[in-house]
Amino acid sequence: MTIKRVGFVATRLAGTDGVSLETEKWRTVLERLGYTCYAFAGEVDSDPQRAMVVPLAHFEDPEVAAVQAELFGSWRRDRSVSDRVHRIRESLVTALYTFIERFDLDLLIPENALAIPMHIPLGLALTQVIAETGLPVVGHHHDFSWERDRFRINACGDYLHGAFPPDSPSIRHVVINSYASEQLSHRMGLSNTVIPNVWDFERPVGPADRAWQLRKELGFGEDDTLVLQPTRVVARKWIERAIEIVRDLGIPRLVISHAVGDEGQSYAERLQRHADSLGVELVDVSHMIGVNGNGVRPYTLDDAYQAADLVTFTSGFEGFGNAFVEAVYHRRPIVVNRYSVYVADIEPKGFDVIAIDGFADADDIARIKAVLSDARGRERMTQKNFELGRRHFSYDVLANRLSQRIGSFER
């Protein structure tokens, strides 16, 4: 068979969350390889002529959110909840068939929709459609249920075992790190391929005009140090460590590029109290940052990185670490906590960063200060990291590995 038309399926393909950003990279690479790509999700910010927006597919849809709340946090579910799950599933099955037929699709790429159970009915609907059509599928899995404590207590083990992810001969499973690969094989008996998150290292960095404007708008002078935390505000990002680093450096502000994530407001409130107690101002620029500068959100993530003097990436856990690769591309010095995937998949590549173990001690703070005060050494450090990033995490790497996966259907 020949594959030319590809459909991405997700709960959301919009904004600056990691799944949406990585999906856009896959779409870009596939288009360069000659494929035509389409999108199915509850929210989509790409070409509307190549998208099918189904509000019920969004994890924030009120009906879906209500069902999800019944499925997690308890060991038992009422029969009425099962009925509601399957009513939503049936609606989404119909929508998925419409999507496939409308765009005459040859291949589906579920983006995390068959991995993390943010939307149980959508995963079940996808699994049913795949079983009924035998359509080729590349399942792009970013996170799994066993990686999140909030999914441990649940009343939907049957759904998780059957659809997150499913075992089907027409699915090629792709994960983003070696630990996920081992766990998927061990827990589910599924063979898979590791394709790391990537960045377009061949794309020239844009002019710094908007970055300087962003600094000015935020009140940073030419000699002020702007420290950027380029992540969502969720507990596993350990942003309190970044706050402590800023305090120890004698810098009064920490800039955070992304909004509160999908895990509620309590962590953000705790973070604010922690910052207040240490005399650090948290500067939220999420309302100013979009994928494309467009007047409503006039700045991009590129602008935020270019405006930064130092990037903090202090996560306790990451599926991969988009922000690390982004900071490498933008040639910014990085403080990174040695989370497990970093230790296994990134650190062995030889990047020159300030690596901490859980928190920054006095030696770590001294090294950060030394890096910030040595322009020539900083240039050598960041250029070395750029070259390593281009070798290991570029679009060429993605194109080669993705071509192999899709090509396995065409042999």
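### Structural notes on the side chain of serine 394
No. 1: Along the chain, serine 394 turns up in the loop between helix H14 (375–392) and helix H15 (395–410).
No. 2: Classification of serine 394 as buried rests on a relative accessible area of 6%.
No. 3: When neighbours within four sequence positions are excluded, serine 394 is seen to be in contact with Val198, Trp199, Phe201 and Gly389.

### Regarding the packing of helix H2 (residues 62–71) against helix H3 (residues 79–102)
No. 1: Two numbers describe how H2 lies on H3: the axes approach to 10 Å, and their chain directions differ by 140 degrees. Accordingly, the angle class assigned to the pair H2 and H3 is oblique. Between H2 and H3 the crossing geometry is left-handed. Where H2 approaches H3, its residues Glu63, Val64, Ala66, Val67, Glu70 and Leu71 are matched on the opposing element by Val81, Arg84, Val85 and Ile88.

### Here we look at the pairing of strand E1 (residues 5–9)
No. 1: Most of E1 is tucked away, with 4 of its 5 residues classed as buried.
No. 2: Viewed along the sheet, the connection from E1 through helix H1 (residues 18–32) into strand E2 (residues 36–41) turns out right-handed.
No. 3: Bridging between E1 and strand E4 (residues 107–110) involves 4 bridges; their strand directions are parallel. When the bridges of E4 are listed, valine 9 appears paired with proline 110.

### Some remarks on the sheet that holds strand E14 (residues 334–337)
No. 1: In spatial order, the strands read E10-E9-E8-E13-E14-E15; together these 6 strands make up an open sheet with parallel pairing. The open sheet terminates on both sides in strands that have one partner only, identified here as strand E10 (281–284) and strand E15 (354–356). Sheet twist, expressed as the mean angle between neighbouring strand axes with direction ignored, is 25 degrees.
No. 2: Examined bridge by bridge, E14 and E15 share 3 bridges and lie parallel to one another. Residue valine 336 lies in a different strand from E15, and its bridge partner there is alanine 355.
No. 3: Sitting on the sheet, helix H8 (residues 239–249) is in contact with strand E8 (227–229), strand E9 (253–256), E10, strand E13 (310–313), E14 and E15, with an inclination near 145 degrees to E9.

The rules behind these values
Sequence order as written defines the numbering, with residues in each chain counted from 1. Owing to the predicted nature of the model, reporting of local features is limited to residues with pLDDT of at least 70; listing and counting of side-chain atom pairs is limited to 80 or more, with chain, interface and lining totals taken over all residues. For the side-chain quantities, the full set of heavy atoms in the structure was used; hydrogens and water were omitted. A run of DSSP states H or I qualifies as a helix once it reaches four residues; a run of E qualifies as a strand once it reaches two. Both are numbered from the N-terminal end. Any residue under 20% of the maximum accessible area for its type is buried, any over 50% is exposed, and the rest in between are partly exposed; the area is computed with a 1.4 Å probe on protein chains only. Whether two residues touch is decided by their heavy atoms; if any such pair falls within 4.5 Å, the residues are in contact. Axis definition: a line fit to C-alpha positions, over the contact stretch in the case of helices; interaxial angles, taken between N-to-C directions, run 0 to 180 degrees. With respect to orientation, any angle under 35 degrees is reported as roughly parallel, any angle over 145 as roughly antiparallel, any angle of 65 to 115 as roughly perpendicular, and every other angle as oblique. Left-handed is the label given to a crossing in which the near helix is rotated counterclockwise from the far helix by less than a right angle, and right-handed is the label when the rotation is clockwise. Crossovers are described as right-handed under a simple rule: with the strands pointing away from the observer, the path leading from the first strand over the helix to the second runs clockwise. For two strands to be treated as a pair, DSSP must find at least two bridges joining them.

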